[in-house]
Amino acid sequence: MIFYFSGTGNSYCVAKEVAEKTKDQIISIAEAWQNKEFSYAVAEGEKIGFVYPIHAWAPPTIVLRFIKKLQLTNSYDAYTYSILTCGDDWEGAVEKIKRALAHIGLPLQGDFKIIMPDCYVIGGDVNNPEEAKKKLDASKETIQRVIKDIIANKFTYRPIKYSFYKSHVIYRFFQTSKIIPLFKANDQCVGCGLCAKACPMNVIKLKDKRSKNHKVPKWGKGCVQCNACINVCPAKAIDYLGAKEKEIRYFNPDYRKELVRKN
Ligand SMILES: Cc1cc2nc3c(=O)[nH]c(=O)nc-3n(C[C@H](O)[C@H](O)[C@H](O)COP(=O)(O)O)c2cc1C
Ligand code: SF4
Ligand code: SF4
């Protein structure tokens with residue numbers, strides 16, 4: 001079983017590809033969290049994977065909190081691996097995953113990193129389309145190498161030295177900054193609803209504005225700042241701390257196609 005969290009679709013597409021090749025199932029951490037589904041039975045020979053993005057040099061808090069609540073049966077000899085996707089810098093993220101897994105008695109055996117386009121439009125600049133394409137193309141090869149290692153139950157985890165300042169101090173600051181909901185959709189919003197479909201935490205609801213044909217998004221509580229809503233918006237109508245001033249957005253193209261088709 002592969003547990004994944006994804007905002008802009010990079011980690012989702014990786015989880016899906018790994019699942020297809022390893023004949024495994026994928027489970028959305030965001031959905032499981034909302035439905036309070038924490039108990040799973042591991043079949044004989046089944047592997048346990050976690051796929052997630054890096055948010056401020058660490059895994060998203062929801063991933064760490066989910067792992068600590070997990071109740072797995074028959075997991076004692078299952079090969080356990082982590083795949084992180086990130087712009088280029090993960091620092092102490094894997095150590096945090098390893099500690100969360102130790103909390104539920106799982107060792108971390110496979111440790112894989114996949115560089116993918118950066119989606120952090122709120123606090124930085126995302127990759128331009130040429131850079132994003134290069135990273136996506138390169139990631140396709142990396143994913144195939146990772147899949148081979150996973151099929152072979154390869155032990156790749158090695159402890160590393162990392163910046164405590166980035167992965168703990170700034171990470172903590174990032175957690176507190178999420179408490180204030182500052183999203184706004186401006187008059188360019190065309191009411192397409194893609195932002196609500198993309199939100200993994202289901203916190204965006206479309207409400208009538210001027211008429212039933214003109215709906216606008218409203219943000220509720222529980223945002224994890226994955227940046228999906230801002231990046232997916234075709235009208236660049238969503239602002240959060242000046243994000244609408246930025247021209248470039250990134251949303252995984254394969255995942256966008258799936259969302260557009262989704263009811
Ligand atoms: C809030 C936030 C913080 C991020 N921080 C980092 C970071 O510290 N290092 C990094 O390399 N990428 C960082 N990124 C980029 C994402 O890790 C990267 O784009 C990832 O592949 C997105 O995965 P997803 O599409 O599954 O959400 C950040 C993205 C977000 C939204
Ligand atoms: S509201 Fe928050 S959790 Fe939902 S898509 Fe936007 S940034 Fe992500
Ligand atoms: S994605 Fe953009 S245009 Fe579509 S409903 Fe959301 S804010 Fe409006």
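Quantities reported herein were computed from a predicted structural model and do not represent experimental measurements. (Residues numbered from 1 in each chain as written. Chains lettered and ligands numbered in written order. Predicted model: local features only at pLDDT ≥ 70, side-chain atom pairs only at ≥ 80, totals over all residues. Heavy atoms only, no water.)

Trainee: When you look at the site of ligand 1 in this model, what are you seeing that I'm missing?
Mentor: Neighbouring ligand 1 are 24 residues; Ser-6, Thr-8, Ser-11, Ile-54 and Thr-85 lie closest to it. At 2.7 Å, a side-chain N or O of Ser-11 approaches an oxygen atom of ligand 1. For ligand 1, an oxygen atom lies 2.9 Å from a polar atom in the backbone of Trp-57. In the complex, 97% of the free accessible area of ligand 1, which totals 650 Å², lies under the protein chains. Those elements that place two or more of their residues in the shell around ligand 1 are α1 (10–22) and β6 (80–86). (Near = heavy atom within 4 Å. Polar contact = N/O pair within 3.5 Å; in protein donor to acceptor, adjacent residues only side chain to side chain. Areas by Shrake-Rupley, 256 points an atom, 1.4 Å probe, with all protein chains shown as cover. Helix = DSSP H or I, 4+ residues; strand = E, 2+ residues; numbered from the N terminus.)

Trainee: Would you mind going over a nonpolar patch on the surface with me for this structure?
Mentor: A grouping of Phe-164, Tyr-165 and Val-169 is seen on the molecular surface, where their side chains present a nonpolar patch of about 340 Å² in accessible area. Inspection of the secondary structure assignment puts Phe-164 in helix α6 (residues 164–177). (Patch = residues over 30% accessible without salt bridge, like charges linked within 9 Å, V, L, I, M, F, W, Y side chains within 5 Å. Salt bridge = Lys/Arg side-chain N within 4 Å of Asp/Glu carboxyl O.)

Trainee: It is not clear to me how the side chain of Lys-96 should be interpreted in this structure. Could you clarify?
Mentor: Tracing the backbone through its elements, the reader meets Lys-96 in helix α4 (residues 93–103). Those residues within four positions of Lys-96 in sequence are excluded, and the remaining contacts are Ala-58, Pro-59, Leu-64, Ser-167, His-168 and Tyr-171. (Contact = heavy atoms within 4.5 Å.)

Trainee: Explain unusual backbone geometry here, please?
Mentor: Generally, phi is negative for residues other than glycine and the peptide bonds are trans, each holding for most cases. In this structure, Asn-202 takes a positive phi of about 60 degrees despite not being glycine. Of the residues examined, Asn-202 reaches a relative accessible area of 44% and is grouped as partly exposed. With a phi close to 75 degrees, Asn-227 is a non-glycine residue in the positive phi region. Tracing the sequence through the fold places Asn-227 in the loop between β10 (214–219) and α8 (228–232). In this structure Asn-227 comes out as buried when scored by relative accessible area, which is 3%. (Buried < 20%, exposed > 50% of the residue type's maximum accessible area, 1.4 Å probe, protein only.)

By themselves these figures say nothing about function.
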